[in-house]
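# Residue-level structure breakdown
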Amino acid sequence: MPTRRKVLAGLGAAALARPLAAAEDAPGLGALAAARGLIYGAAAGPAQLADADFAAAFRRECAGLVGENDFKWSVSEPAPDRPAFARADTVADFAMANGMKLRGHTMIWHEQLPAWVAERIASGAAGAEAAIRARVAGIGARYRGRVFSWDVVNEAINGADRRPDRMRMSPFFTALGERFLDVAFHAAREIDPSAHLAYNDFGVEHAIPWQDGHRIGVLRLLERLRTRGVPVDTLGIQAHLRADWAFDEAVFARFLREVASLGLRIEITELDVDDRALPADAGVRDAAVASLTRRFLDVALAERQVRTVFTWGLSDRHSWLSTFPGRQRADGSRQRGLPLDEAFARKPMWHAMAASFRAAPSRG
Ligand code: G3I
């Protein structure tokens, strides 16, 4: 086998002058997924996309883009009735300019909610309903024809709130009960008849007790929504995995089948692997992250209703896992839960994803 150095030397001085990341072999994950009728994309924001090296890596790897924070209520409407779409526009423009599929994240979520919205929601049912309708209509209209799939409602289930139906006691639920989802999805369908409309949640991937309950909560909610004729057509599975938590192929496959049997399509929306419980050695961490990614994606992609895979970031240089309180590693090193390393070179997780895409059955 020729070494990488010898191969590069054989390519001459021009190739050697290129940055290391650009020397990665084609094709990227987006192309590998597309060969099976799947979409691969990642979350990013305007600051990252303004970095030319990152943008080049993103173009090489991704066929889809979702704003990590830019479409959220606190960013896109921080002051009452004064939409501020500059950041979301930058993300949308990058996607359109590069022929990428754009996901919208997220219309209705109890986090990153501006204080003025929280006040209106708390003012009672009429105020809450009006606020939800205005939010969905405003952002839905602006990105109609560009966003192909919207996270209409994010994270409405929370077993820790100890309700039998496992509904989260969010401000929206407190004001309107479960009907807040009906209001949001009907408003979304009305403003954008062609986008996929997703309910998006975490905590349904691992074989651990609280996630057993979360799966039941999500399934029962989706069943009720479908029974009431609420126009949700997609379950978004966030897939924030943890390298040290049990994963059981049969449990996850059964859940996917149950969701699909409700007539829903499925998207993997925020895949990454939290390695904070693993030892410092990067090789050990990379192997464990890659192994779990492969096991997870092989099960996910065997279910034909799974149509997209998005990771929550592309490179370890920018991951919420390395900055968000409570997620950081105790040894102070960055988490290594994304397909590219800090220098935008492909890691074992990249190769695991590529292998899963290559092995996936083709979508029609
Ligand atoms: O931009 C400000 C900066 O000006 C300020 O100095 C700094 C100090 O706290 O905060 C910065 O904002 C942070 C923002 O990320 C940008 O980095 C917020 O505090 C922080 O709360 C925010 O975290 C985001 C988190 O959602 C909010 O809950 C993460 O970036 C984002 O990756 C994360 O994404 C969520 C999905 O939307 C839903 N699913 C789970 C996923 C991971 O938590």
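This text follows the structure it describes.
Just so it is clear, the model here is predicted, and its values are computed rather than measured.

Its 12 residues place the ends of helix H15 (residues 348-359) 16 Å apart at the C-alpha level, agreeing with the 16 Å of an ideal helix rising 1.5 Å per residue. For H15, the set of buried residues is Met349, Trp350, Ala352, Met353, Ala354, Ser356 and Phe357. The inward-facing, buried residues of H15 contact helix H3 (29-34), strand E1 (39-44), helix H5 (52-61), strand E8 (265-274), helix H14 (282-302) and strand E9 (306-311).

With that settled, consider the nonpolar core. In this structure, Phe58 and Tyr199 are the most contacted members of the largest nonpolar core, which totals 96 residues. Contact partners of Phe58, with chain neighbours within four places excluded, come to Ala42, Ala43, Ala44, Leu49, Gly64, Leu65, Phe94, Met100 and Leu314. Counting residues in each nonpolar core, the second largest holds 8 residues, with Ile39, Ala43, Trp312 and Leu321 among its members.

All right, on to the packing of helix H13 (residues 249-260) against H14 then. Contact pair H13 / H14: the axes reach a minimum separation of 9 Å and the direction vectors enclose 35 degrees. Relative to H14, H13 is oriented so that their crossing is right-handed. Between H13 and H14, the contacting residues are Glu249, Phe252, Ala253 and Leu256 on the first element and Arg295, Phe296, Val299 and Ala300 on the second. Tallied by class, residues from the contact of H13 with H14 come to 6 nonpolar, no polar and 2 charged.

Quick look at empty space enclosed by the protein now. Under the definition given, this model contains 1 cavity of 30 Å³ or more. Here the largest cavity is characterised by a volume of approximately 30 Å³. Contributing to the lining of the largest cavity are Ile108, Trp109, His110, Val153, Asn154, Glu155, Ala156, Arg168, Ser170, Phe172 and Phe180. Considered class by class, the residues forming the lining of the largest cavity number 6 nonpolar, 3 polar and 2 charged.

In regular strands, side chains alternate between the two faces of the sheet. Within strand E5 (residues 196-201), 5 of the 6 residues are buried, which leaves it mostly tucked inside the rest of the structure. Where strand E4 (residues 147-154) meets E5, 5 bridges bridge the pair, whose relative direction is parallel. Following the sheet pairing, Val153 is matched in E5 by Tyr199. Examined bridge by bridge, E5 and strand E6 (residues 234-237) share 4 bridges and lie parallel to one another. Paired with Tyr199 across the strands is Leu235, a residue of E6. Since E5 and E6 lie parallel, the crossover through helix H12 (residues 209-227) that links them has a hand, and here it is right-handed.

Here we come to the layout of surface pockets. Each pocket or cavity is described by its volume, and for the largest pocket that value is around 600 Å³. Mapped by element, the contributors of at least two residues to the lining of the largest pocket are H12, strand E7 (240-242) and E8. If you tally residues by element for the lining of the largest pocket, the top one is E7, at 3 residues. Taken together, the residues of the lining of the largest pocket sort by class into 8 nonpolar, 9 polar and 11 charged.

Within the structure, the ligand sits among 15 residues, and Glu68, Lys72, His105, Glu111 and Glu270 are positioned closest to it. The separation between an oxygen atom of the ligand and a polar side-chain atom of Lys72 is 2.6 Å. Within the side chain of Gln238, an N or O atom sits 3.1 Å from a nitrogen atom of the ligand. When the ligand sits alone it has 790 Å² of accessible area, and the protein chains cover 51% of it. Comparing atom positions with the cavity grids shows the ligand to sit within the largest pocket. Of the residues assigned to the shell around the ligand, the class counts are 4 nonpolar, 6 polar and 5 charged.

With that settled, consider the packing of aromatic side chains. When we look at a pair of aromatic rings, we describe it by the centre distance and by the angle of the planes. Taken as a whole, this structure holds 14 aromatic pairs when the rule is applied. Ring geometry for Phe252 against Phe296: centres 4.9 Å apart, planes inclined by 25 degrees, an arrangement best described as stacked. Taken together, the positions of Phe252 in helix H13 and Phe296 in helix H14 put the pair 44 residues apart, joining distant regions of the chain. Note on Phe252: relative accessible area 0%, which makes it buried. For Phe296, a relative accessible area of 0% puts it in the buried group. Each member of the aromatic cluster is reached from another via a ring pair, and the members are Phe54, Phe58, Phe94 and Phe344. For the cation-ring pair, Arg103 lies above Phe310, with the distance from its terminal atom to the ring centre recorded as 6.0 Å.

Reading guide: rules and limits
Residues numbered from 1 in each chain as written. Predicted model: local features only at pLDDT ≥ 70, side-chain atom pairs only at ≥ 80, totals over all residues. Heavy atoms only, no water. Helix = DSSP H or I, 4+ residues; strand = E, 2+ residues; numbered from the N terminus. Expected span 1.5 Å × (residues − 1). Buried < 20%, exposed > 50% of the residue type's maximum accessible area, 1.4 Å probe, protein only. Contact = heavy atoms within 4.5 Å. Core = buried A, V, L, I, M, F, W, Y, C linked by side-chain atoms within 4.5 Å. Axes fitted to C-alpha atoms, helices over the stretch in contact; angles between N-to-C directions. Left-handed = near helix turned anticlockwise from the far one by under 90°. Nonpolar A, V, L, I, M, F, W, Y, C, P; charged D, E, K, R; others polar. 1 Å grid on protein atoms, 1.4 Å probe; cavity = no way out; pocket = protein on both sides within 12 Å on 5 of 7 lines; lining within 4 Å. Points joined across faces, edges and corners; volume = space filled by probe spheres on them. Pairing = 2+ DSSP bridges. Right-handed = clockwise from strand over helix to strand, strands pointing away. Near = heavy atom within 4 Å. Polar contact = N/O pair within 3.5 Å; in protein donor to acceptor, adjacent residues only side chain to side chain. Areas by Shrake-Rupley, 256 points an atom, 1.4 Å probe, with all protein chains shown as cover. Sits in = over half its atoms within 2 Å of the grid points. Phe/Tyr/Trp six-rings, centres within 6.5 Å; stacked < 30°, edge-to-face > 60°. Lys NZ or Arg CZ within 6 Å of the ring centre and 35° of its normal.

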